[in-house]
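# Residue-level structural notes
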Amino acid sequence: MRLRNSFKIAVQNFGLTFKHLLYKAIVLALFVLEVLLVLKLRGGSFIESLSPVFKEIKAAVEGIFNGQMSSDSSIGEAFTAFISYISSHVGSLALTGVILLISAVFFKFLSGVGDCVIVILTDGYMSSMTKGAYLRTLVENIKKIAVYQLIDSLVSLISDALVVAFAYLLFSLHYIIHPIAAAFLAVAAFAAGRALTMAFTCQVRTNILVGNMKIKEGIKCGIKAEIKYFGRMYAEYLALTVIYTYLFVSVTLCTFGVGTVLLIPFSSLVVASTQLTDYYAINKKRYFIDYDNVVVPKELRENDEELLGDIDI
């Protein structure tokens with residue numbers, strides 16, 4: 001029921017997808033330019049030393065398809081030269097890696113700021129059927145968004161790295177035994193781990209952004225709610241993760257990536273709607289799906305004649 005309501009709310013606010021898309025496109029462009037600049041200034045020699053390895057691998061693959069099995073000595077020589085380069089430039093490469101990592105954290109931060117704006121705008125629609133301006137909402141709430149998103153960016157990067165590492169470990173351990181089973185286990189581990197992170201952070205996000213709680217209070221109340229309602233929320237986010245993964249792969253392959261341009265910002269809207277439906281249900285609050293449909297917790301239904309008395313539309 002909640003997932004269905006969340007999707008309906010997301011569809012009702014579909015116009016936010018294009019505003020969010022523009023924001024994410026600007027952030028992505030800035031990130032790509034920064035990475036290219038760093039690689040140009042600090043990674044030129046690294047790319048030059050890596051290029052021969054790729055050239056030899058490409059030549060070997062083409063030889064296999066042409067029925068010409070060749071010796072891998074050239075690949076070995078190129079790889080040995082590449083390892084030698086890394087050994088002699090450890091300090092410089094480590095510094096470049098740190099710069100790129102900081103850039104990734106900053107990109108995650110800016111991208112998440114837009115997701116926070118989506119949460120606040122969706123809350124305005126669900127509580128009073130109002131549709132605020134994207135940029136104005138960002139400016140008016142920038143302080144609490146920035147504080148929350150700084151913490152969330154660091155936590156998300158760590159949790160995502162652990163999830164990806166665990167999924168890769170399962171894949172590598174089972175690949176020799178059965179490649180298809182290895183792929184299944186890796187995707188299942190990724191979906192389960194990603195859903196776990198979302199289930200444990202969703203109410204913290206809504207408490208701080210729309211509940212106007214301080215960071216410490218929002219985390220405390222959010223985790224308490226998540227423990228109590230964990231089973232249901234975990235099932236929701238596991239379903240969302242599996243559906244999104246399927247759609248992302250399918251749309252990417254079938255539309256050569258064009259469909260993902262809309263899928264990514266729309267998925268942010270669906271996740272925000274799901275988090276807010278959980279927030280309203282946990283806190284026993286009524287919310288709008290559209291003008292004709294209002295979800296009312298059973299605890300409030302005894303006073304149904306006053307349901308809309310305190311709502312300004």
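Notes on the structure follow. Residue positions are given per chain, counting from 1 as you read along its sequence in written order. Note on the predicted model: pLDDT of at least 70 is required for a residue's local features to be given, and 80 or more for side-chain atom pairs to be given and counted; whole-chain, interface and lining totals, by contrast, use all residues. Excluding hydrogens and water, the side-chain figures rest on all heavy atoms present in the structure.

## Some remarks on the overall build of the chain
A run of H or I in DSSP becomes a helix once it reaches four residues, and a run of E becomes a strand once it reaches two; helices and strands are each numbered from the N terminus. When you go through the chain residue by residue, the secondary structure sums to 11 helices and two strands. Using a 1.4 Å probe on the protein chains alone, a residue whose accessible area is under 20% of its type maximum counts as buried, one over 50% counts as exposed, and one in between counts as partly exposed. Taken across its 313 residues, the chain has 36% of its residues classed as buried. The long-range share in the chain, meaning contacts at least 24 apart out of those at least 6 apart in sequence, stands at 73%. Shrake-Rupley sampling with a 1.4 Å probe provides the accessible areas, and residues are treated as covered by the protein chains on show and by no other component. As presented, the chain carries roughly 18,500 Å² of accessible surface, and 70% of it is formed by carbon and sulfur atoms. In what follows, residue pairs with any heavy atoms lying within 4.5 Å of each other are defined as contacts.

## Considerations on unusual backbone geometry
The phi dihedral of Met-129 is positive, around 60 degrees, even though this residue is not glycine. The buried category is assigned to Met-129, whose relative accessible area is 10%. With a phi angle near 55 degrees, Phe-256 is a residue other than glycine that sits in the positive phi range. By the secondary structure assignment, Phe-256 is in the loop between α10 (230-255) and α11 (260-282).

## A few points about α11
Between its first and last C-alpha atoms α11 spans 32 Å; for 23 residues at 1.5 Å apiece the expected length is 33 Å, and the two agree. With 18 of 23 residues buried, α11 is to be regarded as a mostly interior element. Lys-284 lies just past α11 and shows a positive phi near 55 degrees. In this analysis, the expected span of each helix is defined as 1.5 Å times one less than the number of residues it contains.

## What to know about the pairing of strand β1 (residues 287-290)
The two faces of a sheet get side chains in turn, since along a regular strand they alternate between them. In this sheet, strand β2 (residues 293-295) lies alongside β1 in antiparallel orientation, the contact comprising three bridges. When the sheet's bridge partners are listed, Phe-288 is paired in β2 with Val-294. Whether two strands pair comes down to DSSP finding at least two bridges between them. Here β1 folds back onto β2 in antiparallel fashion, the turn holding two residues.

## Here's the deal with the packing of helix α2 (residues 15-42) against α11
When two helices pack together, their arrangement is given by the angle between their axes and by how far apart the axes lie. Axis geometry follows a simple rule: fit a line to the C-alpha atoms, using only the stretch in contact for helices, then measure angles between N-to-C directions, giving values from 0 to 180 degrees. Look at α2 against α11: their axes get within 9 Å of each other, and the N-to-C directions meet at 110 degrees. For the element pair α2 / α11, the angle class is roughly perpendicular. The handedness of the crossing between α2 and α11 is right-handed. Contacts from Leu-16, Thr-17, Phe-18, His-20, Leu-21 and Lys-24 of α2 reach α11 at Val-261, Leu-262, Ile-264, Pro-265, Phe-266, Ser-268 and Leu-269. Among the residues forming the contact of α2 with α11, the class breakdown is nine nonpolar, three polar and one charged. Should an angle lie under 35 degrees it is considered roughly parallel, over 145 roughly antiparallel, and from 65 to 115 roughly perpendicular; all remaining angles are considered oblique. By convention the crossing between two helices is left-handed if the near helix lies anticlockwise of the far one by an angle smaller than a right angle, and right-handed if it lies clockwise. Gly is put with the polar residues, along with every residue not named as nonpolar or charged; the nonpolar set is Ala, Val, Leu, Ile, Met, Phe, Trp, Tyr, Cys and Pro, and the charged set is Asp, Glu, Lys and Arg.

## Things to note about the packing of aromatic side chains
The rule is short: rings of Phe, Tyr and Trp, with Trp giving its six-membered ring, pair when the centres are within 6.5 Å, and they are stacked under 30 degrees, edge-to-face over 60, tilted in between. This structure, assessed with the given rule, holds 11 aromatic pairs. Between Phe-14 and Phe-266 the ring centres are 5.5 Å apart and the planes differ by 55 degrees, which places this aromatic pair in the tilted class. Placement of the pair is Phe-14 in the loop between α1 (2-12) and α2 and Phe-266 in helix α11, with a sequence separation of 252 residues. Judged by relative accessible area, Phe-14 falls into the partly exposed class, the value being 33%.

## Concerning a nonpolar patch on the surface
Taken together, the side chains of Leu-196, Phe-200, Ile-219, Ile-223 and Ile-227 make up a nonpolar region of the molecular surface, amounting to roughly 400 Å² of accessible area. Those elements that place two or more of their residues in the nonpolar patch are α8 (179-209) and α9 (215-228). The leading source of residues in the nonpolar patch is α9, at three residues. Tracing the backbone shows Ile-219 in helix α9. Owing to a relative accessible area of 31%, Ile-219 belongs among the partly exposed residues under this scheme. Residues forming no salt bridge and having over 30% relative accessible area are the ones grouped into patches, like charges within 9 Å of each other and nonpolar side chains (Val, Leu, Ile, Met, Phe, Trp, Tyr) within 5 Å. The salt bridge definition used is simple: a Lys or Arg side-chain nitrogen within 4 Å of an Asp or Glu carboxyl oxygen.

## Some remarks on the environment of Val-155
By the secondary structure assignment, Val-155 is in helix α7 (residues 142-174). A relative accessible area of 42% means that Val-155 is categorised as partly exposed.

## Overview of a positive patch on the surface
His is not counted, nor are the chain ends, whereas Lys and Arg count as positive and Asp and Glu as negative. By convention, the point assigned to a charge is CZ for Arg, NZ for Lys, CD for Glu and CG for Asp. Together, Lys-216, Lys-220, Lys-224, Lys-228, Lys-284 and Lys-298 make up a region of like positive charge exposed at the surface. Tracing the backbone through its elements, the reader meets Lys-224 in helix α9.

## So, the nonpolar core
For the purposes of this section, nonpolar cores are sets of buried Ala, Val, Leu, Ile, Met, Phe, Trp, Tyr and Cys residues that join through side-chain atoms within 4.5 Å. Core analysis: the largest hydrophobic core is formed by 43 residues, its most contacted members being Met-126, Ile-145, Leu-209 and Tyr-237. Contacts of Tyr-237, omitting those with residues within four sequence positions, involve Ala-195, Met-198, Ala-199, Cys-202, Thr-274, Gln-275 and Asp-278.

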